[in-house]
Structures are given as C-alpha cells and as structure tokens.
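# Notes for the structure review
Each chain is listed here by its residues.
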Amino acid sequence: MEPSFLFGQFLGGLTAAMFLFLIASGLSLIFGVLRVLNFAHGSFYMLGAYLAFQFVQWVGPRTEGFWLAALGAACGIAVLGGLVERLLLRHLYGREELYQLLFTYALVLILGDVAKITWGTGQLSVSRPPSLEGSLNLLGVIVPHYNLFIILLGPTIALIFWFVLQRTSVGRIVRAAAQDREMLSSLGANVGMVYTGMFMVGSFLAGLGGALVTPTQSIVPGMDVAIIVEAFIVVVIGGLGSFWGTFLGALIFGQVLSFGILIFPRFSIFAVSALMAVILIVRPWGLLGRPLR
Amino acid sequence: MTRPLINRIPWTLIVFLVLLPVPFLGSRFYTFVATDIVILSLFATSLNLLLGTTGLVTFGHAAYFSIGAYTTALLMKNLGFPFLPSWIAGGLMAAGFALVFGFFCVRLTKIYFAMLTLAFAQIVWAICFKWNDVTGGEQGLPNVPYPGLDWMEVLPLIGDLRVSDKFYYVALALVALCYAALRRITLSPFGRVLTVIRDNPERAQFIGVNVRLYELAAFMVSGAFAGLSGALFGIFNRGVFPDFAFWTKSAEPLIMTILGGMAHFWGPAVGAAALILLNQQITSYTEYWPFVLGGVLIVLLFVFPGGIVGTLTKLGRRIGGRDA
C-alpha cells in the first residue's frame, strides 16, 4: 500500500474523530458532572443538524451565513437542553439511574418524531461555506479545506475546555460539582445552576457537532440513534467523565474505523463495539478515567 | 410461614385459560395482537428477572432475543429442522451467549454493567448486520416457515382454524410453560437470594452468598427465556432482521416492565399488553407512535413510577384501609 493512501486513510479517520470528539465531549461533560448518561445527546446532535439546515435556508445557501446558522443551531440546542434539565431532568436526580436513562430515552423517541414531523423523512443536505469550498494537496492527498478546519477545530475546543476547567474559577466550581455536590452546595455555590449550565454546554457541543457535520453528510432520520452508540463507545474507551480521555477515545475510534475497513472490510463496526467491550472488561473506567466511587 | 393467598392462586393457568378463546372472537386481527402480546410479554418478563428481581439494569437484552430468533430461524429455514428442537436450541444458544457475556458483565456494577451489556448487544447487532452468508446481513432472513401444524387437525375445534390461529395456540402453550418455570424460579430459594442481592449486595456477600455467581445464573436464565421469546417472535413475524438486536430494541422490554411495574411478577406482562394495545390504537390515528410513547413514558416516570400494577396495588391498599 502506498504511504499517501495510508495518510489519506489516517486523515479521514482524524476528521471522523474530531466530529465524534465534539459530540462525545458534551456527553462526557454531562456524565462527569451530573452523573447522567444522556441517550438524548444523539437527538440533540440530529436536531442541531436540522436546525442548521433550516437556518441556512433562511440566511441563504452557499453563503458565509453558514457560520451564523451553525452557531445559531448550537445555541438553539443549548437552550433546549437547558429547558429539559430545568423543567424535567432535575426532578429525577434523587431517583434510580434507570429512571434517568429511560427519561432520556423518552426524549429520543419524542425528538426523533419532532424532527420527522417538522422536516419530513427525506435526505437533506447543506453545502460547504464558500470560504472553505476548496481543497489542498497535502503530501499527495487531496484534503478539503472544510475537513482541515474540522481537524483543527477539535483540538482548539479541547484546549479551550482544558483552560476553562483547569484555570478559571468557573472551572474550579464545575470540577468541585463533579467531585462532591453536597459539599459544594454547603459552601454556598449554586449547584443547580452549575448543573443547568453544564447540561447547556454539553447540549451546545452536540448541536454544534450536528450543525458542522451537515456539509459532509446528509441529514437523515435515524442519525440520532446511530451516533449515540458511537459517542458511548468513545467515552467508554477514554473513560466516562474524563475530558482528555474522550479526546483519546475519539482518536482511537476514528483510526480503528478508518483502518479497520482496510483489514476487515465488513467488520469495522464490529471492531469498535468489540473494543468498547474489551475496555470495559479490562479497565471499566476507561483509558484515562478514574474509578467511580 | 404460609404463602399469602394471592400467591397460591395459579395465575399462569388462569391467564392461559382466559386467553384460550381469542381466535374464536371472530377477527384475525385479535389473534395477531394477542400473539404479539403473549410473545413479547415473555421477553419483558425475562428481563424483569434481572431488573426487578435481581436489581440489574441491562441495556442489551435484545442480544439474547435476537440470538434466539436467528438460531431458530436458521435451523428451521436453512436446515429444515422441526420446530420444537429448533425452538429449544434457540433458547439454549441464547443461554450460552448470556453465560459468556454475563461472565464479564456481572464483574461490573451499575452504569458500567449497563454499558457492557449494551456493548455486547451492539457486537451481536454488528454481526447480524454484516455476516451476509449466515444471517442474511441487512436483509435479514425473510420467510421463516411456520412450524408443521398438521397434527393439530385431529384436535376438536382448533383443527379447522387458520395457521396463524394454530400458531397462536402453540405460542400460548409454550409461553405459559415458560411463565410457570419463571414463576417457580422467582419463588424458589434461588429467586429469594436474587432478591436479597437486589436489596443489599454487601449483606448478601457477608452471609456467604456468591453474589457474582448468582447474578451470572440469573443473567443466563434471563437470556435463555429472552431467546425463547425471540425464537417465537421470528416465526410470528415471518422473518428475522438485524433490528432485533439494535439497542433501541433493548429499550422495548424495559419500557414494558416500567409501564407494568417491575416490583411485581406480572408487571411486565401487564405492561406488554398495555403497550401493544396502546400501540394498535395510536397507530390507527397517527404514524407518530414514538412521540406518544415518549410522552407516556415521561408521565409514567414522573407520576406513576410504580407502573400500572404498582399504582393499582397502592390504590387497592388505600381502599382496603391498610397503610400503603
């Protein structure tokens, strides 16, 4: 096999990984702080894609309005997430995990139909913004500018989050909320706000991921339940609640999928599920996570 | 200690007898719905052996359902095996896989347990979806044959019925046997230990119970019955498809169980009946059944966490004047 072919395969995996990182990082943040495994995260991702499509129709396709549409979609999903947490999910924190899981699954059912009712069941697509329509020849591989942008966006977002979580007072409170909710609230912090805020940030990331994926793949019903399993696999590999773990998990997932297709053409989706199972068996808290108390 | 009266009533037999006249109600549709309920209620009840009895939240029960369905369908369709051995083989195959997967799952707790069951189910799904030579891949296995039911012709009344009505009786009888078995298992000393594990695993460990071994046994038994249910469903559905193993299929028996009430043996069966009847009603008005189901589920989680049976029991106690 030629090195340029392998490099192309690697870049493809990297692009997929950064998309997955956007989505899975939101899932991981929400789990890390709220201890809720949010099945509806995939639905937020799908709605982000549909919203972006809608906004692009309004601001005009094939214009730089795409960026506004994407940002608007992500913010819309953040607001939706905030409402869901405030009005409903909040009342289930004291209950067993099963109830929280089923609640988020109920959202999957409802939001999936909302999307179908609003946008129908056909395939929708969004074109790339004009500024990133071109492509570039990188070591003999043709890489669309848009993919390059995604590859750079992933680490940028990761660094922003690292900085906010580790170096600011807001980040300190969030980390404290993840460690000991009661202690934090007795110190006078508004834990309820932290929870709502984190759920909104997580939802924002899902919405952003959905919005940004639209120029690379068509929007179809069912993308919600497909992506959530992949996001689960990513966070499990890296460690539930671990931010850098999610980054690593996404990188591994992307490459396994990308090169798995070369080795076992049919079984690459099998390979990633198997990887998740192996990680859970050997190291349930993931590569970079810590065991839950 | 004598068992309370309510436990001494042979409920399985009563339900079985009540359901016998369904094909004579005059509509092919009633038989269809009743068969659906009977088969899927077994799926939900098998899950509840883990959920309600042992306190294990699994999100991958569809794996065993689909393994049973594929095994039986393959044996009957491709190898021409008779129904009964194929059905039993479906259950055994599901039990075997549940034993292997469960061995790893029961070493984990809570969310990790749920995630690993999900991971195994997705592996099964990926295999069903992609292994074209055996499972038919994305297209699945259509045209699974009905069992040979000619022997039923000698039976009075039933002999002249349609094949689907006859199959209803086969399913009803086999599921009733499964219920009798599951009921025995739940009330046996083994089942009691499972309840102890649910309520307090540490204490169970202290009094010398091998918690993992019991959980594994429960996992295997539960998987076996899920497989038996899936095997019947594949024939009823006239085909087996990879969707049977997808993670959303695992949510179905969970919803049925929560709807009926997981604290009661009959809860999942009641939930399955309620869910399927509701589905039939709703889908005649609108195609957006998931939307309605999601709404029902949310109301259930917030307002009636005990499910139908739980709420009725509470109501009954209040009317009876006893403290709930």
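Up top is the structure.
These remarks concern the structure in this document. (Residues numbered from 1 in each chain as written. Chains lettered and ligands numbered in written order. Predicted model: local features only at pLDDT ≥ 70, side-chain atom pairs only at ≥ 80, totals over all residues.)

### Remarks on the overall build of chain A
For chain A, the helix and strand inventory stands at 11 helices and two strands. Put simply, chain A runs from its N terminus to its C terminus through helices and strands in the order α-α-α-α-β-β-α-α-α-α-α-α-α. By the compact-globule yardstick of 19 Å for 293 residues, chain A fits well, its C-alpha radius of gyration being 19 Å. C-alpha atoms of chain A, sized along the principal axes, occupy 60 × 45 × 35 Å. Relative to its 293 residues, chain A shows a buried fraction of 49%. Within chain A, contacts between residues at least 6 apart in sequence are counted, and of these 77% link residues at least 24 apart. (Helix = DSSP H or I, 4+ residues; strand = E, 2+ residues; numbered from the N terminus. Rg over C-alpha atoms; globule rule 2.2 N^0.38 Å. Buried ≥ 20, exposed ≤ 12 C-beta atoms within 10 Å, placed from the backbone. Contact = placed C-beta atoms within 7 Å.)

### Quick word on the overall build of chain B
When its secondary structure is counted, chain B shows 15 helices and two strands. Radius of gyration (C-alpha) of chain B: 20 Å, near the 20 Å computed for a compact globule of 324 residues. The principal-axis extent of the C-alpha atoms belonging to chain B is close to 55 × 45 × 40 Å. Of all 324 residues assigned to chain B, the portion counted as buried reaches 49%. Of all intrachain contacts in chain B linking residues separated by at least 6 positions in sequence, the fraction that spans at least 24 positions is 75%.

### Quick word on helix α8 (residues 191–213) of chain A
When the terminal C-alpha atoms of α8 of chain A are compared, their 33 Å separation across 23 residues agrees well with the 33 Å that a helix rising 1.5 Å per residue should span. Most of α8 of chain A sits inside the fold, with 19 of its 23 residues counted as buried. (Expected span 1.5 Å × (residues − 1).)

### Topic: the nonpolar core
The biggest cluster of nonpolar side chains holds 202 residues, and the ones touching the most others in it are L20, I23, A52 and F253 of chain A together with A171 of chain B. When residues of this core are assigned to their parent elements, the largest contribution, 17 residues, is made by helix α1 (residues 3–34) of chain A. If sequence neighbours within four positions are ignored, A171 of chain B has contacts with T35, V38, I39, L232 and F236 of chain B. (Core = buried A, V, L, I, M, F, W, Y, C linked by C-beta atoms within 7 Å.)

### Quick look at the pairing of strand β2 (residues 141–144) of chain A
Residues and elements named next belong to chain A. The pairing of strand β1 (residues 135–138) with β2 spans four bridges and is classified as antiparallel. Bridge assignment links L136 to a residue of β2, and that residue is V143. The turn joining β1 and β2, which pair antiparallel and follow one another in sequence, is formed by two residues; a positive phi near 50° is taken by L139. (Pairing = 2+ DSSP bridges.)

### A few points about the interface of chain B and chain A
Of the residues lining the interface, 32 residues belong to chain B; the matching set on chain A comes to 31 residues. Of all the secondary-structure elements, those providing two or more residues to the side of chain B that touches chain A are α6 (110–130), α12 (247–260) and α14 (289–303) of chain B. For the side of chain B that touches chain A, the leading source of residues is α6 of chain B, giving 13 residues. Each residue belonging to the side of chain B that touches chain A can be placed in one class, and the counts come to 26 nonpolar, four polar and two charged. (Nonpolar A, V, L, I, M, F, W, Y, C, P; charged D, E, K, R; others polar.)

### Points about the environment of E230 of chain A
Residues and elements named next belong to chain A. For E230, the position within the fold is in helix α9 (residues 223–238). C-alpha separation for the pair E230 and L20, spaced 210 residues apart in sequence, amounts to 7.7 Å. In this structure, E230 is in contact with L20 and F253, ignoring residues within four places of it in sequence.

### Focus: unusual backbone geometry
Notably, R62 of chain A is not glycine yet its phi reads approximately 60°, a positive angle. Counting through the fold element by element, R62 of chain A comes out in the loop between α2 (41–59) and α3 (65–87). R62 of chain A gets classed as partly exposed once you count the C-beta atoms within 10 Å, which come to 13. The phi dihedral of N143 of chain B falls on the positive side, at around 55°, and the residue is not glycine. Secondary-structure assignment places N143 of chain B in the loop between β1 (141–142) and α8 (163–187). With 8 C-beta atoms packed within 10 Å, N143 of chain B lands in the exposed category.

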